[in-house]
Amino acid sequence: MPQLGPYSLPNPYILAPMAGVSEMPFRVIAFRLGAALCPTELVSSQGLMRANQRTLKYLRYDAQVERPYSLQIYGGEPEAMARAAEVGKASGAQIIDINMGCPVKKVTKNGAGSALLCDVPRAGAIVRAIREATGLPVTCKIRSGWDARNRNYLQMAASLQEAGCAALAIHPRTREQGYSGQADWSVIADLKRHFPELPLIGNGDVRTPEDARRMLESTGCDFVMIGRAALGNPWIFRELLGGPPATPRERCALVLEHLRAHLDFMGDPLGAVRSFRKQLAWYAHGLYGAAAFRAEVNALDLPSAVEDCVRRFFDSADADLAGPDGEQDVDYRAALG
């Protein structure tokens, strides 16, 4: 079994922490379908440190299913990050994951996310401060560098390993690239050659189970992190373990289950229905009639009406077949970029 800190994981496949997606209901589904680890979406260290009630809601997790529970936090100050990690530990976190790769301006302008690629010593100091404050294993997610002229992933890995990082996830694009262009998997292989003892999590351009297996084989990484390929298709984790794709009946049942769990999680029916629309678009992507389904469901606000619409669309054999509508569909998963 692959090892991450003190935890033996059942397989090498990890759900990526995605903002607005990796909330508790989706993580629970991914765990149940075979994901070995599902970190939370990125959570503000400042919000946790100040006990902001909205931020604290991100800490909710299912203790029966989410084992180990990995909390991803972001911030630029070692002391604030350590205090935030202590709040996370008190709430049940077993692993603290540090986001050092988010390219979004509202994150980087405060010295967090991929801005830490520009300050290697501070990145190491954050890992050290969290380890000393909590005693928990600390993992990090980085990019290959800030831009093409500053690809300093080896220096980052050296600093983080020295600080006691338990595992390193690498998205082999620069901050400048965002999610454009092609992920350079040679970066993953290069990291593994230079740091063979550091558990390495590869990420980027994994669209199919075959891609995930090819990343493991071609780069030597220990784990594969799957993000956009899991949107609307959490069954990818089951397929990676040799299981079948979802049947139309399974798809319908899980979409309804996810919707109800999201309603409970949000506590606000109208807000929950509206925020779940993107999930419905991802679940419908590529299926015959998807565009018409999106147009219909986007006009609905009542949970019961959404459920009826979901049943009509997904609970049919025809929905499992991509047709002209599906072939011309916009790739809604790319919206995360």
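Residues numbered from 1 in each chain as written. Predicted model: local features only at pLDDT ≥ 70, side-chain atom pairs only at ≥ 80, totals over all residues. Heavy atoms only, no water.

Trainee: So, the overall build of the protein: which residues are in play, and what are the values?
Mentor: Across its full length, the protein holds 15 helices and 10 strands. A compact globule built from 337 residues would reach a C-alpha radius of gyration of about 20 Å, and the protein, at 20 Å, matches this within 12%. The C-alpha extent of the protein, read off along each of the three principal axes, is 55 × 45 × 35 Å. Expressed as a percentage of its 337 residues, the buried residues of the protein come to 56%. (Helix = DSSP H or I, 4+ residues; strand = E, 2+ residues; numbered from the N terminus. Rg over C-alpha atoms; globule rule 2.2 N^0.38 Å. Buried < 20%, exposed > 50% of the residue type's maximum accessible area, 1.4 Å probe, protein only.)

Trainee: Lay out helix α14 (residues 303-314) in plain terms, naming residues and giving numbers.
Mentor: Spanning 12 residues, α14 covers 16 Å between terminal C-alpha atoms, matching the ideal 16 Å at 1.5 Å per step. Those residues of α14 that sit buried are V306, E307, C309, V310, F313 and F314. Looking down the long axis of α14, one finds its buried residues gathered within 165° of arc, a one-sided arrangement. On its buried face, α14 sits against α11 (248-266), α12 (269-284) and α13 (290-297). (Expected span 1.5 Å × (residues − 1). Arc of directions from axis to C-beta. Contact = heavy atoms within 4.5 Å.)

Trainee: So what about the packing of α12 against α14? Which residues, and what values?
Mentor: Here α12 crosses α14 at 10°, and the two axes come no closer than 11 Å. Relative to α14, the element α12 is oriented roughly parallel. The hand of the α12/α14 crossing is left-handed. Contact residues: P269, V273, L280, Y283 and A284 in α12; P303, V306, V310, F313 and F314 in α14. Looking at the contact of α12 with α14 residue by residue, the classes come out as 10 nonpolar, no polar and no charged. (Axes fitted to C-alpha atoms, helices over the stretch in contact; angles between N-to-C directions. Parallel < 35°, antiparallel > 145°, perpendicular 65-115°, else oblique. Left-handed = near helix turned anticlockwise from the far one by under 90°. Nonpolar A, V, L, I, M, F, W, Y, C, P; charged D, E, K, R; others polar.)

Trainee: Could you give an account of a positive patch on the surface, with specific residues and numbers?
Mentor: On the surface, R54, K57, R60 and K106 cluster together into a patch of positive charge. On the secondary structure map, K106 appears in helix α5 (residues 105-108). (Patch = residues over 30% accessible without salt bridge, like charges linked within 9 Å, V, L, I, M, F, W, Y side chains within 5 Å. Areas by Shrake-Rupley, 256 points an atom, 1.4 Å probe, with all protein chains shown as cover. Salt bridge = Lys/Arg side-chain N within 4 Å of Asp/Glu carboxyl O. Lys, Arg positive; Asp, Glu negative; His and termini not counted. Charge placed at Lys NZ, Arg CZ, Asp CG, Glu CD.)

Trainee: Outline the pairing of strand β5 (residues 70-74), listing residues and values.
Mentor: Extensive coverage of β5 is indicated by the burial of 4 of its 5 residues. For strand β4 (residues 43-44) and β5, the ladder comprises 2 bridges, and the chain directions are parallel. The residue of β5 that forms the bridge with V43 is I73. As judged from the 4 bridges shared by β5 and strand β6 (residues 95-100), these two strands associate in the parallel manner. When the sheet's bridge partners are listed, S70 is paired in β6 with I95. (Pairing = 2+ DSSP bridges.)

Trainee: Residues and numbers for the nonpolar core, please.
Mentor: Counting residues in hydrophobic clusters, the biggest one holds 100 residues, and the most contacted among them are M100, L160, I226, F237 and F314. At 7 residues, the largest contribution of residues to this core is made by α12. Sequence-distant contacts of M100, that is, excluding residues within four places in its chain, are made with G113, S114, L116, L117, A123, V127, C140, K141, I142, R143, M156 and L160. (Core = buried A, V, L, I, M, F, W, Y, C linked by side-chain atoms within 4.5 Å.)

Trainee: Tell me about the environment of T40, and please be specific about residues and values.
Mentor: Looking at where T40 falls in the secondary structure, it is placed in the loop between α1 (24-32) and β4. Assessed through its relative accessible area of 1%, T40 is described here as buried. Sequence separation of T40 and P196 is 156 residues, and the distance between their C-alpha atoms is 27 Å. With sequence-adjacent residues up to four places away left out, T40 is seen in contact with P17, S22, R27, Y69, S70, L71 and Q72.

Trainee: Residues and numbers for the pattern of salt bridges, please.
Mentor: In a structure, side chains of opposite charge can pair up when their charged atoms sit close to one another. One pass over the full model with this rule turns up 18 salt bridges. Here E250 ties to R238 by a salt bridge, and the two come within 2.9 Å at their closest N and O atoms. In this pair, E250 is assigned in helix α11 and R238 in helix α10 (residues 236-240), connecting sequence segments 12 residues apart. Exposure remark for E250: the relative accessible area of 31% places this residue in the partly exposed category. Note on R238: relative accessible area 18%, which makes it buried. Across the salt bridge formed by R311 and E307, the nearest N and O atoms sit 3.2 Å from each other. In this pair, R311 and E307 are both assigned in helix α14, 4 residues apart and thus about one turn of the helix distant.

Trainee: Can you lay out the packing of α1 against α11 for me, pointing to particular residues and giving the numbers?
Mentor: One can describe the packing of α1 onto α11 by two numbers: an axis separation of 8 Å at closest approach and a directional angle of 145°. Every residue of α11 that contacts α1 at M24, P25, F26, I29 and R32 is listed here: L254, E257, H258, A261, H262 and F265. Residues that form the contact of α1 with α11 fall into these classes: 7 nonpolar, 2 polar and 2 charged.

So far we have only geometry, and geometry alone does not tell us how the molecule works.
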